Amino acid sequence: MIRRKWPAAGVGVLLAVLTAGLAFPSAAVAGEPTGQDAPQVDLVLDVSGSMRTRDIDGQSRMAAAKQAFNEVLDATPEEVELGIRTLGANYPGDDKKEGCKDTAQLYPVGPLDRTEAKTAVATLNPTGWTPIGPALLKAAGDFKDGNGSKRIVLISDGEDTCAPLDPCEVAREIAAKGIGLTIDTLGLVPNAKLSRQLSCIAEATGGTYTSVQHQDELTDRVNELVDRAAEPVVTPVATEGAASCAKAPTLESGLYTDREEFGQQRWYRVDVLPGQELRASVSVAADRAVNPDYGVLLRAVTVHNREIVRGEAAGTGRTDVLSTGLRYPKPERDDDGDKPAAETVCLAVTNSFSPGSGVKTTPGLPLELTIDVVEGPDGSSDVASFGLGRGWWLLGTLVLAGFLAGLVWGWLSRWRFAVWRTS
């Protein structure tokens with residue numbers, strides 16, 4: 001485990017990290033929302049036999065889903081490209097192999113023809129199995145290429161029936177591709193096992209899980225998720241860190257995503273000019289069961305392996321995301337060269353997560369890295385090697401204030417004692 005150390009420099013790093021979190025500018029290059037491509041949403045509906053059950057406001061689950069879909073189709077924003085995929089809609093037999101292939105694109109993701117989409121939905125009848133994993137694999141391929149947001153909304157009333165293909169593992173594989181696809185899930189039955197499975201699918205891609213038991217709740221939630229797809233979002237740029245600084249990718253300001261194995265170290269490179277400040281933060285998410293007591297360490301080192309600054313954080317199992325950050329202001333050069341040489345700073349991300357019993361270790365844990373290279377603070381110097389940056393002014397002010405307060409208090413105490421003796 002990465003253990004915390006609390007000397008003065010460590011406290012300064014913590015202050016600097018907090019300051020960086022409040023002061024990060026928005027001038028990112030990679031991962032910015034561009035708004036050039038239309039947002040895309042794929043509604044994935046469970047049409048298995050259990051959807052005949054009449055327990056949603058006096059009607060069947062299928063009838064409630066159809067009514068919700070019709071209202072959602074009416075309210076879908078014009079800029080959203082929407083599609084519909086089914087699972088368990090066509091094969092009524094008992095052959096599991098065939099039943100687990102039963103997923104089809106009812107309406108392709110694209111500009112929405114509301115009448116055509118409603119007509120397609122009206123033809124649905126509860127039929128077969130619940131191949132959630134295979135349906136998610138197919139749904140991930142329903143989207144067009146582009147930089148717009150991509151979202152799957154999965155609606156189901158039961159667990160996947162196509163084991164050993166685990167839907168959670170499928171969701172992790174989709175997330176590991178770095179295509180910026182979010183999966184939101186809705187459960188129509190308040191069942192603990194279903195909730196765990198749908199929650200796991202959503203968490204693997206940064207989505208949400210909601211349990212709904214009424215038709216109006218279903219309509220409102222799906223509408224909310226479709227509307228959310230139309231909002232500008234920052235999609236992280238997929239990158240792949242290396243096992244050493246020499247082979248690491250060189251990154252610019254922006255938001256990046258990667259995967260890191262348990263206990264692994266990943267390296268990235270950033271070029272920093274004199275007078276600039278590097279601000280970096282990293283978050284590692286435990287998207288599966290992990291053992292308690294873990295940590296994340298972010299280090300900035302030179303190409304000669306001299307540590308410049310570090311940030312670290314530790315957890316005990318109460319949170320599934322761990323974040324830390326650092327700042328490094330590079331001082332201005334004294335000479336007046338036309339092209340000041342950039343310094344290559346190597347960023348190393350290390351985690352001490354360990355998998356729970358029987359948990360798969362691949363793909364690696366989701367890692368999100370934010371990098372900002374901005375104009376540095378005035379008068380930055382080598383004190384930044386401790387990660388304090390402008391925090392030195394605060395620290396110096398506090399020390400001076402404490403010293404002066406001590407002198408005043410000592411003088412007042414001696415004066416009161418002298419008055420007491422005289423009296």
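Not measured: the values here are computed from a predicted model. (Residues numbered from 1 in each chain as written. Predicted model: local features only at pLDDT ≥ 70, side-chain atom pairs only at ≥ 80, totals over all residues. Heavy atoms only, no water.)

Help me out: how do you make sense of the overall build of the protein chain in this one?
Along the backbone of the protein chain there are nine helices and 17 strands. For the protein chain, the proportion of its 423 residues judged to be buried stands at 48%. Considering only residue pairs separated by 6 or more positions, the protein chain has 77% of its internal contacts joining residues 24 or more positions apart. A total of about 20,900 Å² of accessible surface is found on the protein chain, and carbon and sulfur atoms cover 54% of it. (Helix = DSSP H or I, 4+ residues; strand = E, 2+ residues; numbered from the N terminus. Buried < 20%, exposed > 50% of the residue type's maximum accessible area, 1.4 Å probe, protein only. Contact = heavy atoms within 4.5 Å. Areas by Shrake-Rupley, 256 points an atom, 1.4 Å probe, with all protein chains shown as cover.)

Sorry, what's going on with the nonpolar core here?
Proteins that are soluble and globular tend to have nonpolar side chains buried together. Ranked by size, the top nonpolar core spans 32 residues in total, and within it L43, L45, I155, L186, L218, V222 and V226 carry the most contacts. Per-element tally for this core: the top contributor is helix α2 (residues 61–75), with seven residues. Apart from the residues within four sequence positions on either side, V226 is in contact with V41, L43, V72, T76, P77, V80 and L82. Judged by nonpolar contacts, the second largest core, of 29 residues, contains I308, L322, V345 and F353. (Core = buried A, V, L, I, M, F, W, Y, C linked by side-chain atoms within 4.5 Å.)

I keep staring at the layout of surface pockets and nothing clicks. Help me out?
Where empty space is left becomes clear once a probe the size of a water molecule has been rolled over the atoms. Size it by volume and the largest pocket reaches roughly 820 Å³. Lining of the largest pocket is provided by 32 residues; of these, A204, T205, G206, P236 and E368 occupy positions nearest its centre. Sorting the residues of the lining of the largest pocket by element identifies β6 (150–156), α6 (167–176), β7 (181–187), α7 (192–204), α8 (215–229), β10 (254–260), β12 (276–285) and β17 (365–375) as the ones contributing at least two each. Of the residues that constitute the lining of the largest pocket, the class distribution is 15 nonpolar, nine polar and eight charged. (1 Å grid on protein atoms, 1.4 Å probe; cavity = no way out; pocket = protein on both sides within 12 Å on 5 of 7 lines; lining within 4 Å. Points joined across faces, edges and corners; volume = space filled by probe spheres on them. Nonpolar A, V, L, I, M, F, W, Y, C, P; charged D, E, K, R; others polar.)

How do you make sense of the state of the cysteines when you look at a structure like this?
Simply put, the disulfide is a covalent bond whose two ends are the sulfur atoms of two cysteines. Scanning all chains against the criterion turns up three disulfides. A disulfide bridge connects C168 with C200, and the sulfur atoms are separated by 2.3 Å. Linking C168 in helix α6 with C200 in helix α7, this pair joins segments that are 32 residues apart in sequence. When its relative accessible area of 7% is taken as the criterion, C168 is described as buried. You can call C200 buried: its relative accessible area is 15%. A sulfur-sulfur separation of 1.8 Å characterises the disulfide bridge that pairs C245 with C346. Every disulfide takes its handedness from the sign of the S-S torsion; for C245 and C346 that torsion is -55°, giving left-handed. Taken together, the residues span a long stretch of sequence, with C245 in the loop between β9 (237–238) and β10 and C346 in strand β16 (residues 343–351) at a distance of 101 residues. The buried category is assigned to C245, whose relative accessible area is 13%. Numbered by position along the chain, the disulfide-linked cysteines of the protein chain connect as 1-2, 3-4, 5-6. (Disulfide = S-S within 2.5 Å.)

Sorry, what's going on with the packing of α6 against α7 here?
Running from N to C, α6 and α7 point in directions that differ by 10°, and their axes come no closer than 8 Å. Here α7 runs roughly parallel to α6, going by the angle between their axes. On the side of α6, the interface is formed by P167, C168, A171, R172 and A175, while α7 contributes Q197, C200, I201 and A204. Tallied by class, the residues present in the contact of α6 with α7 amount to seven nonpolar, one polar and one charged. (Axes fitted to C-alpha atoms, helices over the stretch in contact; angles between N-to-C directions. Parallel < 35°, antiparallel > 145°, perpendicular 65-115°, else oblique.)

Would you take a moment to explain the sheet that holds β9 for this structure?
For sheets, the rule is that strands pair by backbone hydrogen bonds, running either parallel or antiparallel. Strand order in the open sheet formed by five strands is β9-β10-β17-β12-β15, with mixed pairing between adjacent strands. Whereas interior strands pair on both sides, the edge strands pair on one side only; in this sheet they are β9 and β15 (321–329). Looking at chain direction, β10 and β17 are connected through seven bridges and run antiparallel. What sits directly across from L255, in β17, is T370. (Pairing = 2+ DSSP bridges.)

Got a minute to help me understand the packing of aromatic side chains in this structure?
Working definition: an aromatic ring pair is given by the centre-to-centre distance plus the angle between the planes. Under the definition given, this model contains one aromatic pair. Arranged with centres 4.4 Å apart and planes meeting at 20°, the rings of Y294 and F353 form a pair that is stacked. In this pair, Y294 sits in strand β13 (residues 294–301) while F353 sits in the loop between β16 and β17, placing the two residues 59 residues apart along the sequence. (Phe/Tyr/Trp six-rings, centres within 6.5 Å; stacked < 30°, edge-to-face > 60°.)

Please clarify how unusual backbone geometry should be interpreted in this entry.
Among all residues save glycine, negative phi is the norm, and among peptide bonds the norm is trans. Here the amide bond leading from A163 into P164 is cis, since omega sits at 15°, within 30 degrees of zero. Of note, the bond from T362 into P363 is cis; its omega dihedral lies within 30 degrees of zero at -5°. Along the chain, P363 falls in the loop between β16 and β17.

Help me understand the side chain of D157 in this model?
Tracing the sequence through the fold places D157 in the loop between β6 and α6. By relative accessible area, which is 7% here, D157 ends up buried. Within the structure, the side chain of D157 is placed 2.8 Å from the side chain of S50, a separation counted as a polar contact. A distance of 2.7 Å separates polar atoms of two side chains, one belonging to D157 and the other to R61. (Polar contact = N/O pair within 3.5 Å; in protein donor to acceptor, adjacent residues only side chain to side chain.)

What am I meant to see in the confidence of the model for the protein chain here?
Should the pLDDT be low somewhere, the predicted coordinates at that spot are not to be read in detail. The predicted model of the protein chain averages 84 in pLDDT, with 84% of residues at 70 or higher. Across residues 1–28 the pLDDT falls below 50, and counting only partners more than four positions away or on other chains, this stretch makes 48 contacts in the model. This model gives residues 380–389 a pLDDT under 50, and the stretch forms 31 contacts once residues within four places in sequence are excluded. (pLDDT = per-residue confidence, 0-100.)

Explanation requested: the environment of L251 in the structure shown.
Secondary-structure assignment places L251 in the loop between β9 and β10. You can call L251 buried: its relative accessible area is 6%. As a C-alpha pair, L251 and Y268 span 17 residues in sequence and 7.1 Å in three-dimensional space.

Is there a simple way to explain α6 in this structure?
An α-helical segment advances 3.6 residues per turn. Residues three or four places apart therefore align on the same side. With seven of 10 residues buried, α6 lies mostly within the body of the structure. Within the span of α6, buried status applies to P167, C168, E169, V170, A171, R172 and I174. In this structure, the buried residues of α6 make contact with α5 (132–139), β7, α7 and β10. With a side-chain oxygen positioned 3.0 Å from the backbone nitrogen of C168, the residue opening α6 is D166.

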